[in-house]
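Examination of the molecular architecture
Read off the chains here:
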Amino acid sequence: MVSSIDRPPARGRARAKECSIKQPASQVASPSIARTAAFAGAAAAIVLIADLLSKRIVLDRLGPGGDLDVVTVIPGVLRFVYVRNTGSAFGLFQGSSDVLKVLAVVAVAILGVYYARAAAKDALLAVALGLQVGGAIGNISDRFRFGYVIDWIDFPRFPTFNLADTGITIGVVLLVYCLLFRDPGRHVPDGDVADVVRSVADLNELPDKR
């Protein structure tokens, strides 16, 4: 029979367990941040590359020096045309190219800051911001190279757009979803979880008074 004197203090045993499994904060956080950064970078790169390649093809085939005026994909539903857009996404604010250049650069900077603060621990939010950044850079590239954005996807009764606009739109939808249903600020911090675990461990170590 082991007397109460021979048993180590309950809190001391709990702390010993904690020390044996607890890892340095830097080792725990770094892989998560690196993973979400990779997701954001991959999403941005995919949108940007697809947008630039598609615009290059459209410019060569449907542009002023191309051999086609329009490519009908689904009659009456979808066609590809060459459109010079001096406005913003979906043809809004026509003729404001210089102002939109500045606004676009500022928007990308804001997205970058927001990612660093909010998306570091949420992969889906990182993808959402990556899509927006990739699309914004694609359209910014057009504005500085040509003075306008190349749009080419055309549906009836809908503004002509491009893949950069598509990436931005999908990114915004995902961002709204994340803010409404996956807000990292609503999650319980890791430190609080550890405190709860330690409290439960201490309760389990209380002597039975029955």
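This text follows the structure it describes.
So, here is what we can say about the structure in this document.

Cut-offs applied
- Residues numbered from 1 in each chain as written.
- Predicted model: local features only at pLDDT ≥ 70, side-chain atom pairs only at ≥ 80, totals over all residues.
- Heavy atoms only, no water.
- Helix = DSSP H or I, 4+ residues; strand = E, 2+ residues; numbered from the N terminus.
- Buried < 20%, exposed > 50% of the residue type's maximum accessible area, 1.4 Å probe, protein only.
- Pairing = 2+ DSSP bridges.
- Axes fitted to C-alpha atoms, helices over the stretch in contact; angles between N-to-C directions.
- Contact = heavy atoms within 4.5 Å.
- Polar contact = N/O pair within 3.5 Å; in protein donor to acceptor, adjacent residues only side chain to side chain.
- Expected span 1.5 Å × (residues − 1).
- Salt bridge = Lys/Arg side-chain N within 4 Å of Asp/Glu carboxyl O.

Considerations on the environment of Phe146
On the secondary structure map, Phe146 appears in helix 4 (residues 123-146). The class for Phe146 is partly exposed, based on a relative accessible area of 29%. Considered as a pair, Phe146 and Arg84 are 62 residues apart in the sequence and their alpha carbons are 9.4 Å apart.

Describing the sheet that holds strand 1 (residues 70-74)
Sheet architecture is open: 3 strands sit in the order 1-2-3, paired in antiparallel fashion. For this open sheet the edge positions go to strand 1 and strand 3 (149-154), each flanked by a neighbour on one side alone. Looking at each pair of strands side by side, their axes are set apart by 30° on average, direction ignored. Taken together, the 5 bridges between strand 2 (residues 78-85) and strand 3 define a ladder with antiparallel strand orientation. Looking at the pairing, Val83 lines up with Asp151 of strand 3. Lying on the sheet, helix 4 is in contact with strand 2 and strand 3; it crosses strand 3 at an angle near 125°.

Focus on the side chain of Ser54
Within the fold, Ser54 resides in helix 2 (residues 25-61). Given the relative accessible area of 11%, Ser54 is considered buried. Reaching out from Ser54, the side chain makes a polar contact with the backbone oxygen of Asp51 at a distance of 2.8 Å. Ser54 has contacts with Trp152 and Leu163, leaving out every residue within four places of it along the chain.

Quick look at the environment of Phe39
The residue Phe39 is located in helix 2 in this model. Considered as a pair, Phe39 and Leu124 are 85 residues apart in the sequence and their alpha carbons are 8.3 Å apart. Residues contacting Phe39, with those up to four places away along its chain left out, are Ala123 and Val127.

Considering helix 4
Turn by turn, an α-helix covers 3.6 residues, leaving residues three or four places apart pointing in a common direction. Along its 24 residues, helix 4 runs 34 Å from first to last C-alpha, staying within 8% of the 34 Å computed at 1.5 Å per residue. Among the 24 residues that make up helix 4, 17 are buried, leaving the element largely enclosed by the rest of the structure. Between the side-chain oxygen of the N-cap and the backbone nitrogen of Leu124 there are 3.1 Å, and the N-cap of helix 4 in question is Asp122. Looking one or two residues past helix 4, Gly147 carries a phi angle of roughly 85°, positive in sign.

Here we look at the pairing of strand 1
Sheet analysis places strand 1 next to strand 2, joined by 4 bridges and oriented antiparallel. Among the inter-strand pairings, Ile74 is bridged to a residue of strand 2, identified as Leu78. The antiparallel hairpin formed by strand 1 and strand 2 contains 3 residues in its connecting segment, where Gly76 sits at a positive phi of about 75°.

Quick look at the pattern of salt bridges
Counted under the stated rule, the structure contains 6 salt bridges. In this structure, Asp51 and Lys55 form a salt bridge, with 2.8 Å as the shortest nitrogen-oxygen distance. Of this pair, Asp51 and Lys55 are both found in helix 2, 4 residues apart, which corresponds to roughly one turn of the helix. Lys55 carries the same exposure label as Asp51, and that label is buried. Between Asp154 and Arg79 there is a salt bridge; the shortest N-O distance is 2.8 Å. Here Asp154, found in strand 3, pairs with Arg79, found in strand 2; they are 75 residues apart in sequence, far enough to count as distant.

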